[in-house]
Amino acid sequence: MDNLVNLLYAAVLAGTPLLFGTLGEILTEKSGNLNLGVEGMMFMGAIAGLAGVYFAEMWLGELTGIICLLIALLAAFVCGAFGALIYGFLTITLRANQNVTGLTLTIFGIGFANFFGEIIASASPTKFMAISTGAKATFANNPLFPGLVELAADNRWIYWINKLFFSYNLLVYIAIVVALLLAWFLNKTRAGLNLRAVGEDPAAADAAGIAVNRYKYLATVIGGGICGIGGMYISMVTAYGVWVHNCVGGRGWIAVALVIFATWSPSRAIFGALVFGGLSILRMYIPLGIPIEIYDLLPYLATIFVLILTSVRQSKEHNIPKHCGFNYFREER
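Reading the values: rules and limits
- Residues numbered from 1 in each chain as written.
- Predicted model: local features only at pLDDT ≥ 70, side-chain atom pairs only at ≥ 80, totals over all residues.
- Heavy atoms only, no water.
- Helix = DSSP H or I, 4+ residues; strand = E, 2+ residues; numbered from the N terminus.
- Rg over C-alpha atoms; globule rule 2.2 N^0.38 Å.
- Buried < 20%, exposed > 50% of the residue type's maximum accessible area, 1.4 Å probe, protein only.
- Contact = heavy atoms within 4.5 Å.
- Areas by Shrake-Rupley, 256 points an atom, 1.4 Å probe, with all protein chains shown as cover.
- Core = buried A, V, L, I, M, F, W, Y, C linked by side-chain atoms within 4.5 Å.
- Axes fitted to C-alpha atoms, helices over the stretch in contact; angles between N-to-C directions.
- Parallel < 35°, antiparallel > 145°, perpendicular 65-115°, else oblique.
- Left-handed = near helix turned anticlockwise from the far one by under 90°.
- Nonpolar A, V, L, I, M, F, W, Y, C, P; charged D, E, K, R; others polar.
- 1 Å grid on protein atoms, 1.4 Å probe; cavity = no way out; pocket = protein on both sides within 12 Å on 5 of 7 lines; lining within 4 Å.
- Points joined across faces, edges and corners; volume = space filled by probe spheres on them.
- Arc of directions from axis to C-beta.
- Phe/Tyr/Trp six-rings, centres within 6.5 Å; stacked < 30°, edge-to-face > 60°.
- Lys NZ or Arg CZ within 6 Å of the ring centre and 35° of its normal.

A. Quick peek at the overall build of the chain. A tally of helices and strands in the chain yields 15 helices and zero strands. Expected size for 333 residues packed as a compact globule is a radius of gyration near 20 Å; at 20 Å, the chain falls within 12% of this value. In terms of overall dimensions, the chain has C-alpha extents of about 65 × 50 × 40 Å along its principal axes. Expressed as a percentage of the 333 residues in the chain, the buried residues total 50%. By sequence separation, contacts in the chain at least 24 residues apart represent 80% of the contacts at least 6 residues apart. Working note: accessible area of the chain is about 15700 Å², and carbon and sulfur atoms make up 69% of it.

Below, the structure is given as C-alpha coordinates:
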(Lines give C-alpha, C1' and ligand atoms only; values in the text may rest on other atoms or scores of the structure.)
Protein backbone atom coordinates (compact mmCIF):
# COMPACT_ATOMS: atom_id res chain seq x y z
CA MET A 1 0.00 0.00 0.00
CA ASP A 2 2.84 2.38 0.81
CA ASN A 3 4.33 1.84 -2.65
CA LEU A 4 0.98 2.66 -4.29
CA VAL A 5 0.57 5.81 -2.20
CA ASN A 6 4.11 6.90 -3.08
CA LEU A 7 3.39 6.28 -6.77
CA LEU A 8 0.19 8.36 -6.69
CA TYR A 9 1.96 11.12 -4.76
CA ALA A 10 4.80 11.25 -7.29
CA ALA A 11 2.29 11.11 -10.17
CA VAL A 12 0.54 14.25 -8.89
CA LEU A 13 3.84 16.12 -8.67
CA ALA A 14 4.97 14.94 -12.11
CA GLY A 15 1.57 15.68 -13.65
CA THR A 16 1.15 19.25 -12.39
CA PRO A 17 3.32 20.97 -15.04
CA LEU A 18 1.55 18.86 -17.66
CA LEU A 19 -1.79 20.04 -16.29
CA PHE A 20 -0.80 23.70 -16.61
CA GLY A 21 0.38 23.17 -20.18
CA THR A 22 -2.74 21.21 -21.06
CA LEU A 23 -5.11 23.82 -19.62
CA GLY A 24 -3.38 26.60 -21.52
CA GLU A 25 -3.59 24.67 -24.78
CA ILE A 26 -7.23 23.69 -24.20
CA LEU A 27 -8.16 27.34 -23.75
CA THR A 28 -6.23 28.25 -26.89
CA GLU A 29 -7.74 25.49 -29.03
CA LYS A 30 -11.26 26.30 -27.85
CA SER A 31 -10.80 29.61 -29.69
CA GLY A 32 -9.84 27.81 -32.91
CA ASN A 33 -6.07 28.36 -32.63
CA LEU A 34 -3.84 25.28 -32.70
CA ASN A 35 -0.70 26.48 -30.93
CA LEU A 36 1.98 23.80 -31.06
CA GLY A 37 4.38 26.12 -29.25
CA VAL A 38 3.49 24.83 -25.77
CA GLU A 39 7.04 23.58 -25.24
CA GLY A 40 8.47 26.99 -26.14
CA MET A 41 6.06 28.89 -23.87
CA MET A 42 6.83 26.55 -20.99
CA PHE A 43 10.54 27.19 -21.52
CA MET A 44 9.91 30.94 -21.50
CA GLY A 45 7.89 30.66 -18.30
CA ALA A 46 10.59 28.50 -16.72
CA ILE A 47 13.36 31.04 -17.21
CA ALA A 48 11.16 34.05 -16.49
CA GLY A 49 9.79 32.70 -13.19
CA LEU A 50 13.23 31.69 -11.94
CA ALA A 51 14.93 34.88 -13.16
CA GLY A 52 12.16 37.03 -11.68
CA VAL A 53 12.76 35.68 -8.18
CA TYR A 54 16.55 35.61 -8.71
CA PHE A 55 16.77 39.30 -9.60
CA ALA A 56 14.16 40.32 -7.01
CA GLU A 57 16.35 38.73 -4.35
CA MET A 58 19.39 40.56 -5.70
CA TRP A 59 17.59 43.88 -5.28
CA LEU A 60 15.38 43.23 -2.23
CA GLY A 61 17.16 40.52 -0.29
CA GLU A 62 16.00 36.98 0.45
CA LEU A 63 12.32 36.40 -0.31
CA THR A 64 9.91 33.88 1.14
CA GLY A 65 6.21 33.17 1.21
CA ILE A 66 3.48 34.74 -0.87
CA ILE A 67 5.63 37.58 -2.28
CA CYS A 68 8.10 35.11 -3.76
CA LEU A 69 5.26 33.01 -5.18
CA LEU A 70 3.50 36.01 -6.73
CA ILE A 71 6.70 37.28 -8.39
CA ALA A 72 7.34 33.87 -9.95
CA LEU A 73 3.73 33.47 -11.08
CA LEU A 74 3.56 36.95 -12.59
CA ALA A 75 6.91 36.73 -14.37
CA ALA A 76 6.15 33.28 -15.81
CA PHE A 77 2.64 34.23 -16.87
CA VAL A 78 3.74 37.45 -18.58
CA CYS A 79 6.59 35.78 -20.46
CA GLY A 80 4.45 32.84 -21.58
CA ALA A 81 1.71 35.27 -22.62
CA PHE A 82 4.28 37.28 -24.59
CA GLY A 83 5.24 34.17 -26.57
CA ALA A 84 1.56 33.47 -27.23
CA LEU A 85 1.05 37.09 -28.29
CA ILE A 86 3.71 36.64 -30.96
CA TYR A 87 1.90 33.55 -32.15
CA GLY A 88 -1.45 35.36 -32.07
CA PHE A 89 -0.20 38.34 -34.07
CA LEU A 90 1.24 36.08 -36.77
CA THR A 91 -1.77 33.76 -37.06
CA ILE A 92 -4.73 35.99 -36.21
CA THR A 93 -3.65 39.31 -37.69
CA LEU A 94 -1.21 38.22 -40.40
CA ARG A 95 -2.94 34.84 -40.96
CA ALA A 96 0.25 32.81 -41.03
CA ASN A 97 0.07 29.02 -40.99
CA GLN A 98 -0.75 27.93 -37.44
CA ASN A 99 1.25 24.70 -37.46
CA VAL A 100 4.43 26.31 -38.77
CA THR A 101 4.09 29.29 -36.42
CA GLY A 102 3.60 27.04 -33.40
CA LEU A 103 6.64 24.95 -34.24
CA THR A 104 8.66 28.14 -34.74
CA LEU A 105 7.51 29.40 -31.34
CA THR A 106 8.80 26.18 -29.78
CA ILE A 107 12.23 26.68 -31.33
CA PHE A 108 12.22 30.35 -30.30
CA GLY A 109 11.16 29.61 -26.72
CA ILE A 110 13.79 26.91 -26.20
CA GLY A 111 16.52 29.17 -27.56
CA PHE A 112 15.23 32.16 -25.57
CA ALA A 113 15.28 30.26 -22.27
CA ASN A 114 18.61 28.51 -22.72
CA PHE A 115 20.30 31.68 -23.96
CA PHE A 116 19.21 33.88 -21.07
CA GLY A 117 19.69 31.04 -18.58
CA GLU A 118 23.31 30.63 -19.61
CA ILE A 119 23.94 34.40 -19.79
CA ILE A 120 22.58 35.02 -16.28
CA ALA A 121 24.40 31.98 -14.89
CA SER A 122 27.72 33.04 -16.41
CA ALA A 123 27.38 36.49 -14.82
CA SER A 124 26.80 34.95 -11.39
CA PRO A 125 29.82 34.53 -9.05
CA THR A 126 28.86 30.86 -8.59
CA LYS A 127 28.45 30.35 -12.35
CA PHE A 128 24.91 29.04 -11.96
CA MET A 129 21.56 30.69 -11.38
CA ALA A 130 19.83 29.63 -8.19
CA ILE A 131 17.40 31.24 -5.78
CA SER A 132 17.90 31.37 -2.01
CA THR A 133 17.06 28.56 0.39
CA GLY A 134 14.15 30.58 1.76
CA ALA A 135 12.69 31.07 -1.71
CA LYS A 136 13.09 27.37 -2.46
CA ALA A 137 11.10 26.60 0.68
CA THR A 138 8.14 28.51 -0.80
CA PHE A 139 7.89 25.88 -3.53
CA ALA A 140 8.63 22.88 -1.33
CA ASN A 141 6.13 20.11 -0.63
CA ASN A 142 4.99 21.11 2.84
CA PRO A 143 1.94 19.71 4.71
CA LEU A 144 -1.06 22.04 4.66
CA PHE A 145 -2.12 20.88 8.13
CA PRO A 146 0.93 20.20 10.33
CA GLY A 147 -1.35 18.79 13.03
CA LEU A 148 -2.17 15.84 10.80
CA VAL A 149 1.51 14.88 10.70
CA GLU A 150 1.47 14.09 14.41
CA LEU A 151 -1.75 12.09 14.10
CA ALA A 152 -0.35 10.27 11.07
CA ALA A 153 2.48 8.88 13.18
CA ASP A 154 -0.01 6.64 15.00
CA ASN A 155 -2.55 6.00 12.21
CA ARG A 156 -1.58 4.66 8.81
CA TRP A 157 -4.84 5.73 7.15
CA ILE A 158 -4.35 9.33 8.29
CA TYR A 159 -0.78 9.17 7.01
CA TRP A 160 -1.96 8.05 3.57
CA ILE A 161 -4.75 10.65 3.41
CA ASN A 162 -2.43 13.42 4.54
CA LYS A 163 0.20 12.49 1.97
CA LEU A 164 -2.21 12.09 -0.96
CA PHE A 165 -4.26 15.24 -0.37
CA PHE A 166 -2.48 17.71 1.93
CA SER A 167 1.28 17.38 1.36
CA TYR A 168 1.96 19.15 -1.93
CA ASN A 169 3.43 22.50 -2.88
CA LEU A 170 1.06 25.41 -3.47
CA LEU A 171 1.32 25.22 -7.27
CA VAL A 172 -0.40 21.81 -7.26
CA TYR A 173 -3.49 23.29 -5.61
CA ILE A 174 -3.36 26.33 -7.89
CA ALA A 175 -3.36 24.04 -10.94
CA ILE A 176 -6.46 22.20 -9.70
CA VAL A 177 -8.27 25.48 -8.99
CA VAL A 178 -7.38 26.80 -12.47
CA ALA A 179 -8.72 23.59 -14.05
CA LEU A 180 -12.03 23.82 -12.18
CA LEU A 181 -12.40 27.54 -12.94
CA LEU A 182 -11.68 26.96 -16.62
CA ALA A 183 -14.25 24.15 -16.77
CA TRP A 184 -16.82 26.44 -15.16
CA PHE A 185 -15.90 29.30 -17.51
CA LEU A 186 -16.22 27.24 -20.69
CA ASN A 187 -19.47 25.53 -19.73
CA LYS A 188 -21.37 27.94 -17.49
CA THR A 189 -20.57 31.50 -18.57
CA ARG A 190 -21.68 33.53 -21.57
CA ALA A 191 -18.11 34.50 -22.45
CA GLY A 192 -17.05 30.85 -22.34
CA LEU A 193 -19.88 29.78 -24.62
CA ASN A 194 -19.02 32.61 -26.99
CA LEU A 195 -15.42 31.40 -27.03
CA ARG A 196 -16.51 27.89 -27.88
CA ALA A 197 -18.71 29.26 -30.66
CA VAL A 198 -15.68 31.07 -32.09
CA GLY A 199 -13.73 27.81 -32.15
CA GLU A 200 -16.56 25.85 -33.74
CA ASP A 201 -17.77 28.32 -36.38
CA PRO A 202 -16.20 31.80 -36.33
CA ALA A 203 -18.30 32.99 -39.27
CA ALA A 204 -21.54 32.23 -37.44
CA ALA A 205 -20.15 33.76 -34.25
CA ASP A 206 -19.15 36.88 -36.18
CA ALA A 207 -22.61 37.14 -37.69
CA ALA A 208 -24.07 36.92 -34.17
CA GLY A 209 -22.06 39.96 -33.11
CA ILE A 210 -19.23 38.17 -31.27
CA ALA A 211 -15.83 39.87 -31.60
CA VAL A 212 -14.00 36.86 -33.04
CA ASN A 213 -10.47 38.27 -33.08
CA ARG A 214 -10.77 39.64 -29.56
CA TYR A 215 -11.79 36.25 -28.21
CA LYS A 216 -9.02 34.55 -30.16
CA TYR A 217 -6.37 36.95 -28.87
CA LEU A 218 -7.50 36.78 -25.24
CA ALA A 219 -7.78 32.99 -25.20
CA THR A 220 -4.42 32.54 -26.92
CA VAL A 221 -2.54 35.01 -24.72
CA ILE A 222 -4.07 33.82 -21.44
CA GLY A 223 -3.55 30.20 -22.49
CA GLY A 224 0.11 30.97 -23.19
CA GLY A 225 0.45 32.53 -19.75
CA ILE A 226 -0.93 29.38 -18.12
CA CYS A 227 1.57 27.30 -20.10
CA GLY A 228 4.32 29.60 -18.82
CA ILE A 229 3.32 28.83 -15.23
CA GLY A 230 3.74 25.14 -16.05
CA GLY A 231 7.31 25.86 -17.11
CA MET A 232 7.92 27.83 -13.92
CA TYR A 233 6.78 24.80 -11.92
CA ILE A 234 9.55 22.77 -13.56
CA SER A 235 12.32 25.27 -12.81
CA MET A 236 11.12 26.00 -9.27
CA VAL A 237 9.87 22.61 -8.06
CA THR A 238 11.30 19.88 -10.29
CA ALA A 239 14.72 21.57 -10.64
CA TYR A 240 14.66 22.94 -7.05
CA GLY A 241 15.07 26.59 -8.00
CA VAL A 242 18.23 26.10 -10.07
CA TRP A 243 18.42 26.77 -13.78
CA VAL A 244 19.00 23.52 -15.67
CA HIS A 245 19.71 23.58 -19.39
CA ASN A 246 16.77 22.12 -21.36
CA CYS A 247 14.87 21.59 -18.10
CA VAL A 248 11.40 21.30 -19.68
CA GLY A 249 12.58 18.23 -21.55
CA GLY A 250 9.66 17.61 -23.91
CA ARG A 251 6.85 18.02 -21.37
CA GLY A 252 5.23 20.61 -23.63
CA TRP A 253 4.74 17.94 -26.30
CA ILE A 254 3.26 15.58 -23.73
CA ALA A 255 0.85 18.38 -22.76
CA VAL A 256 -0.26 18.65 -26.39
CA ALA A 257 -0.93 14.91 -26.39
CA LEU A 258 -2.75 15.24 -23.08
CA VAL A 259 -5.17 17.73 -24.64
CA ILE A 260 -6.33 14.91 -26.91
CA PHE A 261 -6.35 12.43 -24.03
CA ALA A 262 -8.56 14.83 -22.02
CA THR A 263 -10.80 15.37 -25.08
CA TRP A 264 -10.56 19.15 -24.68
CA SER A 265 -12.11 19.08 -21.20
CA PRO A 266 -10.36 20.94 -18.32
CA SER A 267 -11.92 18.70 -15.67
CA ARG A 268 -10.83 15.51 -17.48
CA ALA A 269 -7.38 17.07 -17.85
CA ILE A 270 -6.92 16.68 -14.07
CA PHE A 271 -7.34 12.91 -14.38
CA GLY A 272 -5.29 12.85 -17.58
CA ALA A 273 -2.40 14.72 -15.96
CA LEU A 274 -2.43 12.21 -13.10
CA VAL A 275 -2.31 9.32 -15.57
CA PHE A 276 0.43 10.86 -17.71
CA GLY A 277 2.39 11.91 -14.64
CA GLY A 278 2.16 8.38 -13.31
CA LEU A 279 3.26 6.90 -16.63
CA SER A 280 6.25 9.26 -16.75
CA ILE A 281 7.61 8.06 -13.38
CA LEU A 282 6.31 4.49 -13.52
CA ARG A 283 9.74 2.99 -14.10
CA MET A 284 10.93 4.25 -10.69
CA TYR A 285 8.16 2.47 -8.80
CA ILE A 286 7.21 -0.54 -10.94
CA PRO A 287 10.34 -1.87 -12.65
CA LEU A 288 9.38 -4.37 -15.33
CA GLY A 289 12.82 -5.00 -16.76
CA ILE A 290 11.95 -3.34 -20.08
CA PRO A 291 13.94 -0.58 -21.84
CA ILE A 292 13.38 2.98 -20.58
CA GLU A 293 12.27 4.02 -24.07
CA ILE A 294 9.24 1.73 -23.71
CA TYR A 295 8.23 3.57 -20.55
CA ASP A 296 8.59 6.89 -22.40
CA LEU A 297 6.23 5.63 -25.10
CA LEU A 298 3.41 4.80 -22.68
CA PRO A 299 1.80 8.30 -22.55
CA TYR A 300 1.69 8.47 -26.34
CA LEU A 301 0.32 4.94 -26.65
CA ALA A 302 -2.42 5.98 -24.24
CA THR A 303 -3.16 9.00 -26.46
CA ILE A 304 -3.42 6.79 -29.56
CA PHE A 305 -5.88 4.57 -27.71
CA VAL A 306 -8.01 7.59 -26.76
CA LEU A 307 -7.93 8.87 -30.35
CA ILE A 308 -9.21 5.53 -31.60
CA LEU A 309 -11.88 5.42 -28.91
CA THR A 310 -13.16 8.96 -29.59
CA SER A 311 -13.15 8.35 -33.36
CA VAL A 312 -15.28 5.24 -32.92
CA ARG A 313 -17.73 6.98 -30.60
CA GLN A 314 -18.00 10.07 -32.85
CA SER A 315 -19.06 12.23 -29.90
CA LYS A 316 -19.27 15.89 -30.91
CA GLU A 317 -18.60 16.96 -27.33
CA HIS A 318 -15.31 15.06 -27.27
CA ASN A 319 -14.00 16.15 -30.66
CA ILE A 320 -11.58 18.93 -31.47
CA PRO A 321 -13.26 22.31 -32.17
CA LYS A 322 -14.20 22.28 -35.85
CA HIS A 323 -12.29 25.39 -36.86
CA CYS A 324 -9.18 24.61 -34.78
CA GLY A 325 -6.06 24.98 -36.90
CA PHE A 326 -7.72 27.13 -39.58
CA ASN A 327 -7.36 30.89 -39.92
CA TYR A 328 -10.53 32.96 -40.11
CA PHE A 329 -10.94 35.19 -43.15
CA ARG A 330 -13.82 37.52 -42.49
CA GLU A 331 -13.96 38.54 -46.14
CA GLU A 332 -14.95 34.99 -47.08
CA ARG A 333 -17.91 34.94 -44.72
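From this point, things continue past the structure.
B. Just the nonpolar core, in detail. In terms of nonpolar packing, the biggest core is built from 84 residues, with Met129, Phe139, Leu171, Met232, Met236, Trp243 and Phe276 touching the most fellow members. Once you skip the residues sitting within four places of it in the chain, methionine 232 turns out to touch Gly45, Ala46, Gly49, Ala72, Leu73, Ala76, Phe139, Leu171 and Val237.

C. Quick peek at the packing of helix 2 (residues 38-60) against helix 4 (residues 98-123). Direction vectors running N to C along helix 2 and helix 4 enclose 25 degrees, while the axes themselves pass 6 Å from each other. Regarding the angle of helix 2 to helix 4, the classification is roughly parallel. Classified by chirality, the crossing of helix 4 by helix 2 is left-handed. In this structure, helix 2 contributes Val38, Glu39, Gly40, Met41, Phe43, Met44, Ile47, Ala51, Tyr54 and Phe55 to the contact, and helix 4 contributes Leu105, Thr106, Phe108, Gly109, Ile110, Phe112, Ala113, Asn114, Phe116, Gly117 and Ile120. Looking at the contact of helix 2 with helix 4, its residues break down into 15 nonpolar, five polar and one charged.

D. Structural detail: the layout of surface pockets. As a volume, the largest pocket reaches approximately 590 Å³. Considering the residues around the largest pocket, the lining is formed by 27 residues, among which Leu13, Ala14, Thr238, Arg251 and Ile281 are closest to the centre. Of all the elements in the fold, those that place two or more residues in the lining of the largest pocket are helix 1 (2-30), helix 11 (212-238), helix 12 (251-261), helix 13 (266-280), helix 14 (282-285) and helix 15 (292-313). For the lining of the largest pocket, the element with the highest residue contribution is helix 1, accounting for five residues. Among the residues making up the lining of the largest pocket, the classes are represented as 18 nonpolar, five polar and four charged.

E. Structural view of unusual backbone geometry. One non-glycine residue with positive phi stands out, namely arginine 95, at about 60 degrees. Following the sequence through the fold, arginine 95 ends up in the loop between helix 3 (65-93) and helix 4. Given a relative accessible area of 30%, arginine 95 falls into the partly exposed group. Non-glycine residue threonine 263 carries a positive phi angle of around 50 degrees.

F. How the structure looks around empty space enclosed by the protein. In total, this model carries one cavity of 30 Å³ or more according to the counting rule given. Put simply, the largest cavity is a space of about 60 Å³. Within the residue set of the lining of the largest cavity, elements represented by two or more residues are helix 3 and helix 11.

G. Spotlight on helix 7 (residues 156-165). Trp160, Asn162 and Lys163 are the residues of helix 7 that are buried. For helix 7, the buried positions fall inside an angular range of 165 degrees around the axis, keeping them on one side. Among the exposed residues of helix 7, those oriented more than 90 degrees off its buried face are Trp157 and Phe165.

H. Seen up close, the packing of helix 3 against helix 11. Running from amino to carboxyl end, helix 3 crosses helix 11 at an angle of 140 degrees, the nearest separation of the two axes being 6 Å. Compared by their axis directions, helix 3 and helix 11 come out oblique. In the packing of helix 3 onto helix 11, the handedness of the crossing is right-handed.

I. Seen up close, the environment of isoleucine 229. Examined against the element boundaries, isoleucine 229 turns out to sit in helix 11. Residues isoleucine 229 and lysine 188, 41 residues apart in the sequence, show an inter-C-alpha distance of 25 Å. Aside from chain neighbours lying at most four places away, what touches isoleucine 229 is Phe20, Leu73, Ala76 and Phe77.

J. Inspection of the packing of aromatic side chains at higher detail. Across all of its chains, the model carries ten aromatic pairs by this definition. Ring plane angle 70 degrees and centroid distance 5.0 Å describe the contact between phenylalanine 261 and phenylalanine 276, whose orientation is recorded as edge-to-face. You can see phenylalanine 261 sitting in helix 12 and its partner phenylalanine 276 sitting in helix 13, a full 15 residues away along the chain. For the pair shown, phenylalanine 261 and phenylalanine 276 are each scored as buried. Grouped by ring-pair contacts, the aromatic residues Phe108, Phe112, Phe115 and Phe116 constitute a single cluster. The ring of tyrosine 9 has lysine 163 lying over it, and the distance from NZ or CZ to the ring centre is 5.0 Å.

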